[in-house]
Amino acid sequence: MALPTHAPIAAIATAPGRGGIGVVRVSGPDLSGLVRRLFGRALTPRHAHYLPFTADTGEHLDEGIALYFRAPHSYTGEDVLELQGHGGPAVLRRILDRCLQAGADLGLRLAEPGEFTRRAFLNDRMDLAQAEAVADLIDASSIAAARGAMASLSGEFSARVNALSDRIVHLRMLVEATLDFPEEEIDFLEKYQARPTLETLAADLDALIAQARQGVILREGLHVVLAGKPNVGKSSLLNALAGDDIAIVTPIAGTTRDKVVQEIHIDGVPLHVVDTAGLRDTDDTVESIGIARTWQEIERADVILHLQDATQPGDEIDAQIVARLPARTPVLTVFNKVDLLDAPFQPSDKQLGISARQGTGLDDLRARLLALAGWNPGAESPWLARERHVRALQMAAEHLALACEHAAQDDRVLDLFAEELRLAHESLTSITGKFTSDDLLGEIFSSFCIGK
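Going by the annotation in an unreviewed UniProt entry, the name recorded for the protein chain is tRNA modification GTPase MnmE, with Bordetella genomosp. 7 given as the source organism. Recorded under Subcellular location (unreviewed entry), the UniProt text for the protein chain is reproduced unchanged: "Cytoplasm". Under Sequence similarities (unreviewed entry), UniProt gives the following word-for-word description of the protein chain: "Belongs to the TRAFAC class TrmE-Era-EngA-EngB-Septin-like GTPase superfamily. TrmE GTPase family."

*Asks:* So what's going on with the sheet that holds strand β11 (residues 331-336)? Residues and values would help.
*Replies:* The strand order β8-β9-β7-β10-β11-β12 describes an open sheet built from 6 strands, whose pairing is mixed. The sheet is open, and its two borders are formed by β8 (260-266) and β12 (351-353), each paired with just one other strand. Taking the axes of each pair of neighbouring strands and ignoring which way they run, one obtains an average angle of 25 degrees across the sheet. Of the strand pairs in this sheet, strand β7 (residues 222-228) and strand β9 (residues 269-275) are connected by 5 bridges, and their pairing is parallel. Across the sheet, residue Val 224 finds its bridge partner in β9, namely Val 273.

*Asks:* Which residues make up the pairing of strand β4 (residues 60-69), and what values do they have?
*Replies:* Most of β4 sits out of view: 7 of its 10 residues are buried. Inspection of the sheet shows strand β3 (residues 48-54) paired to β4 by 7 bridges, in the antiparallel sense. Bridge pairing in β4 places His 49 opposite Ala 66. Following β3, the chain reverses through 5 residues before pairing antiparallel with β4; Gly 58 in that reversal takes a positive phi of roughly 95 degrees. In the sheet, β4 pairs with strand β5 (residues 79-85) via 5 bridges, with the strands oriented antiparallel. By the bridge assignment, Ile 65 is partnered in β5 with Gln 84.

*Asks:* Tell me about the confidence of the model for the protein chain, residues and numbers included.
*Replies:* For the protein chain, mean pLDDT is 84; residues scoring 70 or higher make up 88% of the total. When the elements of the protein chain are averaged for pLDDT, helix α7 (residues 188-191) gives the smallest value, 60, and β5 the largest, 97. This model gives residues 247-257 a pLDDT under 50, and the stretch forms 29 contacts once residues within four places in sequence are excluded.

*Asks:* Give a description of helix α12 (residues 362-372) that names residues and reports values.
*Replies:* Along α12, the positions that sit buried rather than exposed are Leu 362, Leu 365, Arg 368, Leu 369 and Leu 370. The positive-phi residue at the C-terminal boundary of α12 is Gly 374, with phi of around 90 degrees.

*Asks:* A description of the packing of aromatic side chains should follow, citing residues and the corresponding values.
*Replies:* Where two aromatic rings form a pair, the distance of their centres and the angle of their planes describe that pair. Tallying each qualifying case throughout the model produces 5 aromatic pairs. Arranged with centres 4.4 Å apart and planes meeting at 25 degrees, the rings of Phe 157 and Trp 383 form a pair that is stacked. Within this pair, whereas Phe 157 is found in helix α6 (residues 156-180), its partner Trp 383 is found in the loop between α12 and α13 (387-407), the two being separated by 226 residues in sequence. Considering the side-chain rings of Phe 445 and Phe 448, the 5.2 Å spacing of their centres and the 45 degrees angle between planes classify their relative orientation as tilted. In terms of burial, Phe 445 and Phe 448 fall into one category: buried. Aromatic ring contacts, followed pair by pair, group Phe 121, Phe 445 and Phe 448 into a single cluster. One cation-aromatic arrangement involves Arg 25 over Phe 116; the distance from NZ or CZ to the ring centre is 5.4 Å.

*Asks:* Could you give an account of the side chain of Ser 165, with specific residues and numbers?
*Replies:* Tracing the sequence through the fold places Ser 165 in helix α6. Ser 165 gets classed as buried once you look at its relative accessible area, which sits at 4%. With residues near it in sequence (within four places) discarded, Ser 165 still touches His 425, Leu 428 and Thr 429.

*Asks:* Before we move on, could you go through the sheet that holds β4 and cite the residues and values that matter?
*Replies:* The strand order across the open sheet formed by 6 strands is β3-β4-β5-β2-β1-β6, and the pairing between neighbours is mixed. Each edge of the sheet is formed by a strand with only one pairing partner; in this case those strands are β3 and β6 (109-110). Alignment of strand β2 (residues 22-28) against β5, held across 7 bridges, turns out to be antiparallel. Looking at the pairing, Val 23 lines up with Gln 84 of β5.

*Asks:* Go over the packing of helix α3 (residues 115-122) against helix α15 (residues 438-445), please, and point to the residues and values.
*Replies:* The contact between α3 and α15 brings their axes to 10 Å, and the two run at 140 degrees. Compared by their axis directions, α3 and α15 come out oblique. In the crossing of α3 with α15, the sense of the turn from one axis to the other is right-handed. Facing α3, whose interface residues are Thr 117, Arg 118 and Phe 121, α15 presents Asp 438, Leu 441, Gly 442 and Phe 445.

*Asks:* I'd like a description of unusual backbone geometry, backed by residues and values.
*Replies:* Among all residues except glycine, the phi angle is most often negative; among peptide bonds, the trans geometry is most common. Along the chain, Ala 71 connects to Pro 72 via a cis peptide bond; the corresponding omega equals 5 degrees. For Pro 72, the location among the structural elements is in the loop between β4 and β5. Even without a glycine there, the phi angle at Arg 46 is positive, about 65 degrees. Examined against the element boundaries, Arg 46 turns out to sit in the loop between α1 (32-39) and β3. Looking at Arg 46, the relative accessible area reads 55%, which means it is exposed.

Thresholds, definitions, all that
Residues numbered from 1 in each chain as written. Predicted model: local features only at pLDDT ≥ 70, side-chain atom pairs only at ≥ 80, totals over all residues. Heavy atoms only, no water. UniProt positions renumbered as here; feature names shortened; annotations may be inferred. Pairing = 2+ DSSP bridges. Helix = DSSP H or I, 4+ residues; strand = E, 2+ residues; numbered from the N terminus. Axes fitted to C-alpha atoms, helices over the stretch in contact; angles between N-to-C directions. Buried < 20%, exposed > 50% of the residue type's maximum accessible area, 1.4 Å probe, protein only. pLDDT = per-residue confidence, 0-100. Contact = heavy atoms within 4.5 Å. Phe/Tyr/Trp six-rings, centres within 6.5 Å; stacked < 30°, edge-to-face > 60°. Lys NZ or Arg CZ within 6 Å of the ring centre and 35° of its normal. Parallel < 35°, antiparallel > 145°, perpendicular 65-115°, else oblique. Left-handed = near helix turned anticlockwise from the far one by under 90°.

Given below as structure tokens:
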């Protein structure tokens, strides 16, 4: 038989593994028939029912809480049934199989990753930025990131975007009305204060972009690579930043053969700190592979810490490392072992002295890392954002800049002025999903966990 356009879906909604409670979730256009097959009676919507979960043979699979939500008052905007039982994998699998069996003639199937939230978006229960915030809230690795994701989920980011979008639409409405009635001979730009309005819009959009960048840093963190010759203290610094013995530290050159990655948090911002093999010329095959991987990590870095030994003068190898570092990536030269110097180390904008062994200078290093990444700890607490959001905001800003250029030519190019406003508006609405391709939706929701 042909499946319904929006066939019902089912999945285990709790994380894999054992737990006290596990949830099986079902969503579809009308689940009243499925409910009767599973329990032999109707369930009162939005009431908790303590019931046995039984197989079609009458065998008790488990017992727990059944919750039935009628459309549109549910997470997905469809009928939703949630069965809360014990959190053993085998038990949940049997409950899920029973649901799939009972709903086979309805076309009930296993949900794809993120499909429940995708249906919530398609049914206007949330916009796309809020839907992305659901995944960000689940993946949040710090309290600050969780707060930011919750702010996005509650609609703070979307409200800012929509407010700017509405102002652009209002200006579009005025200019397009002027184009429709050219015989009126209205000086549009003067009468409707278009130039100052555009300047204010551009300034507000720039402020939103700056805050969105903060949200990206908070969500994605920074990829920080420790690079330098052997025995300059890269592994010791990683251990000091992590507060634990993550990497092996010995006086033997070339101890680190492969990258060691540790996530740490500074002011709630996640940093993925990568300790790498020391950079030098070597005939050791394994060490050479490690050095090649070091350069791969350096190419991917958001920030590079070039470690040097403060007790040793820079040499040709240090110069070669500096020459090969990517010009697009911020670099901070860190001189380690300053505790062994006879005179105090004098830091500069691009140089810092520390002692990984004694912890000297680490607070300054942490502050410098955040500053290099563009993090402003004194800024308003941001919502989380993604790179695609920043790109869309930047595209809107570019179209507003072009609109300003057209406005400088008086009313002679109002049609081009109107077109740039339209493109700016579309860039903004792509964030919330009003103008979004199916390919982008597939890419976004495929990154969700199954059951959400």
